[in-house]
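Per-entry structural report
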Amino acid sequence: MSYKARKWLAGLILVFGLPLYIVMAVSVVGLFERPSILVELLVYIGLGVLWAFPLKYVFKGIGQPDPDA
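Reference entry: report on the structure contained in this document. (Residues numbered from 1 in each chain as written. Predicted model: local features only at pLDDT ≥ 70, side-chain atom pairs only at ≥ 80, totals over all residues. Heavy atoms only, no water.)

In terms of helices and strands, the protein carries three helices and zero strands. Traced from its N-terminal end to its C-terminal end, the protein shows the element sequence α-α-α. Taking 69 residues into account, the globule formula puts the C-alpha radius of gyration at 11 Å, and the protein, at 16 Å, lies well above it. Across the 69 residues that make up the protein, the buried fraction comes to 16%. Across the protein, contacts joining residues at least 24 apart in sequence account for 76% of those joining residues at least 6 apart. (Helix = DSSP H or I, 4+ residues; strand = E, 2+ residues; numbered from the N terminus. Rg over C-alpha atoms; globule rule 2.2 N^0.38 Å. Buried < 20%, exposed > 50% of the residue type's maximum accessible area, 1.4 Å probe, protein only. Contact = heavy atoms within 4.5 Å.)

Pasting the structure below:
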């Protein structure tokens, strides 16, 4: 995938995908009885890190100058 395509896709993911993921995560956690604050914090931290692993390739090197330029 080209640098420009990855940069464009990363922007779309951050603007549309991440807010949708946050709403989904909060909705799923809301289906269960409220656990202790520590358990709830750990769940949200885990979900906050989990979304980045499959998208690591898209975001890798986005902050660097275009290597093809």
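The rest of the description comes next.
By secondary structure assignment, the location of Glu40 is in helix α2 (residues 37-50). The buried category is assigned to Glu40, whose relative accessible area is 13%. Glu40 has contacts with Arg34 and Pro35, leaving out every residue within four places of it along the chain.

Moving on to the pattern of salt bridges. Evaluated as defined, the whole model comprises one salt bridge. For Glu40, the salt bridge identified is with Arg34, shortest N-O distance 3.0 Å. Residue Arg34 is classed as exposed on the basis of its relative accessible area, which comes to 64%. (Salt bridge = Lys/Arg side-chain N within 4 Å of Asp/Glu carboxyl O.)

On inspection of all chains with the given rule, the structure shows one aromatic pair. Each ring, one from Trp51 and one from Phe59, has its centre 6.0 Å from the other, and the planes form 90 degrees; the classification is edge-to-face. Owing to a relative accessible area of 23%, Trp51 belongs among the partly exposed residues under this scheme. Taking the ring centre of Tyr57 as reference, the NZ or CZ of Arg6 above it sits at 5.7 Å. (Phe/Tyr/Trp six-rings, centres within 6.5 Å; stacked < 30°, edge-to-face > 60°. Lys NZ or Arg CZ within 6 Å of the ring centre and 35° of its normal.)

What follows is about a nonpolar patch on the surface. Taken together, the side chains of Ile37, Leu38, Leu41, Leu42, Ile45, Val49, Leu50 and Phe53 make up a nonpolar region of the molecular surface, amounting to roughly 830 Å² of accessible area. Examined against the element boundaries, Phe53 turns out to sit in the loop between α2 and α3 (56-59). (Patch = residues over 30% accessible without salt bridge, like charges linked within 9 Å, V, L, I, M, F, W, Y side chains within 5 Å. Areas by Shrake-Rupley, 256 points an atom, 1.4 Å probe, with all protein chains shown as cover.)

The end-to-end C-alpha distance of helix α1 (residues 3-30) is 38 Å, a good match for the 40 Å that 28 residues give at a rise of 1.5 Å each. For α1, the complete set of buried residues consists of Tyr3, Arg6, Ala10, Ile13, Leu18, Tyr21, Ala25 and Val29. Considering only its buried residues, α1 is in contact with α2 and α3. (Expected span 1.5 Å × (residues − 1).)

Read these as geometric descriptors, not functional statements.
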